[in-house]
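# Fold and geometry: a report
So you can see what is in the structure, the chains are spelled out below.
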Amino acid sequence: MTEPTHETGGNTALVLFSGGQDSATCLAWALARFSRVETLGFDYCQRHAVELDCRAALINGIKAIHPDWAKRLGEEHTLAIPTLSAISDTALTRDVAIEMGEGGLPNTFVPGRNLIFLTFAAALAYRRGIRHVVGGMCETDYSGYPDCRDDTIKALQVALNLGMDRRFVLHTPLMWRDKAQTWALAHELGGSALVDLIREQSHTCYLGERGARHEWGYGCGECPACQLRAKGWQQFAAASRAG
Ligand code: ZN
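Attention in this report is confined to the structure presented alongside it. This one's a predicted model, so the numbers in the text were calculated from it and none came from an experiment.

When helices and strands are counted, the protein shows eight helices and seven strands. Per-residue burial for the protein yields a buried fraction of 50% across its 243 residues. Taking the contacts inside the protein whose residues are at least 6 apart along the sequence as the reference set, 68% of them involve residues at least 24 apart. In the form shown here, the protein has an accessible surface area of approximately 11300 Å², with 51% of it arising from carbon and sulfur atoms.

This is the structure:
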């Protein structure tokens, strides 16, 4: 008896792909594991919408790094969720300074953003017969976003499977890695070529700044996302020199 397949999508993955460092690394991780990989980005009127424009350069670069990966890459999806900015009042969607707010959360927090993203992703995966959904949520370096926690993702996986009567698997390969380890994972998956591609073409800065080029890539250098990226890069670079 042949192993039962999960509809047609047993070995297909849908990667939440924003154009940032984490999601670019997740894309490479998925390409190394699944025979077919589709991507999904969200347009929610984010101030750093420039990250969505980074996706094409990243995908072209990834195709050039590995011929097998080029063959595995499938459809690229973008879903617009303008509602998210209409119900949020945060520094990610409005032109205000990024700072710590009440309850110890930075005002970049869009309530429930990852729950919404993963639910839309699962609905799309359902329609396309895809079983595996991959996201860059991370509990290690996180800014206190409760929707990035491992328990949140696990609970959502249960809810989605009950609510859609499917056996989705939500993969979060970065959950227990800090930013330096995320760079190391990119190196493991695609060598210096992938590290250089992500450094040059991925976008992290919350302010959407791509003017200044630092050794870790482009960004304002001041916002929490830039600082985290810079710190991770410096640790990774130091470890690479030592090793
Ligand atoms: Zn920045």
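Alright, that's what it looks like, and here's the rest.
Let us look at the coordination of the zinc ion. Surrounding the zinc ion are the protein donor atoms C205 (SG), C220 (SG), C223 (SG) and C226 (SG), at 2.3 to 2.4 Å. What the four donor atoms of the zinc ion show is an angle range of 106 to 115° at the metal, which sorts the shape as tetrahedral. Every donor residue of the zinc ion comes from the same chain, spaced as C-x14-C-x2-C-x2-C. Within this pair, whereas C205 is found in the loop between α7 (179–201) and β6 (213–214), its partner C220 is found in the loop between β7 (217–218) and α8 (224–242), the two being separated by 15 residues in sequence. Since its relative accessible area comes to 0%, C205 is described here as buried.

What follows concerns the side chain of H77. Relative to the assigned elements, H77 resides in strand β3 (residues 73–80). Judged by its relative accessible area of 15%, H77 falls in the buried class. Within the structure, H77 has its side chain in polar contact with the side chain of E38 (distance 2.8 Å). Among residues more than four places away in sequence, those in contact with H77 are L14, E38, T39, L40, G41, R55, L124 and R128.

Bringing the packing of α7 against α8 into the picture now. Each pair of packed helices gets described by two things: the angle between the helix axes and the distance between those axes. As a packed pair, α7 and α8 sit with axes 10 Å apart at the nearest point and diverge in direction by 80°. In this view, α7 runs roughly perpendicular relative to α8, as classed from their interaxial angle. Side by side, α7 and α8 meet where K179, A180, W183, A184, H187, V195, I198 and R199 of the first sit next to L228, R229, G232, W233, Q235 and F236 of the second. Taken together, the residues that form the contact of α7 with α8 break down as eight nonpolar, three polar and three charged.

With that out of the way, let us pick up the sheet that holds strand β5 (residues 169–171). One open sheet holds the five strands; their spatial order is β3-β2-β1-β4-β5, and the pairing between them is parallel. Looking along the sheet, the strands with just one partner apiece sit at the ends: β3 and β5. Across the sheet, the mean angle from the axis of one strand to that of its neighbour is 25°, orientation sign disregarded. One ladder, built from three bridges, connects strand β1 (residues 12–16) with strand β4 (residues 132–134); its direction is parallel. Looking at β4, one finds that V15 is bridged to V134. On the sheet, helix α2 (residues 50–65) packs against β2 (36–43) and β3 and is oriented at approximately 175° with respect to β3.

Conventions used here
Residues numbered from 1 in each chain as written. Predicted model: local features only at pLDDT ≥ 70, side-chain atom pairs only at ≥ 80, totals over all residues. Heavy atoms only, no water. Helix = DSSP H or I, 4+ residues; strand = E, 2+ residues; numbered from the N terminus. Buried < 20%, exposed > 50% of the residue type's maximum accessible area, 1.4 Å probe, protein only. Contact = heavy atoms within 4.5 Å. Areas by Shrake-Rupley, 256 points an atom, 1.4 Å probe, with all protein chains shown as cover. Donors = N, O, S within 2.8 Å, 3.2 Å for Na, K, Ca; no water. Tetrahedral: all angles 85-135°; square planar, octahedral: opposite > 155°, others 65-115°. Polar contact = N/O pair within 3.5 Å; in protein donor to acceptor, adjacent residues only side chain to side chain. Axes fitted to C-alpha atoms, helices over the stretch in contact; angles between N-to-C directions. Parallel < 35°, antiparallel > 145°, perpendicular 65-115°, else oblique. Nonpolar A, V, L, I, M, F, W, Y, C, P; charged D, E, K, R; others polar. Pairing = 2+ DSSP bridges.

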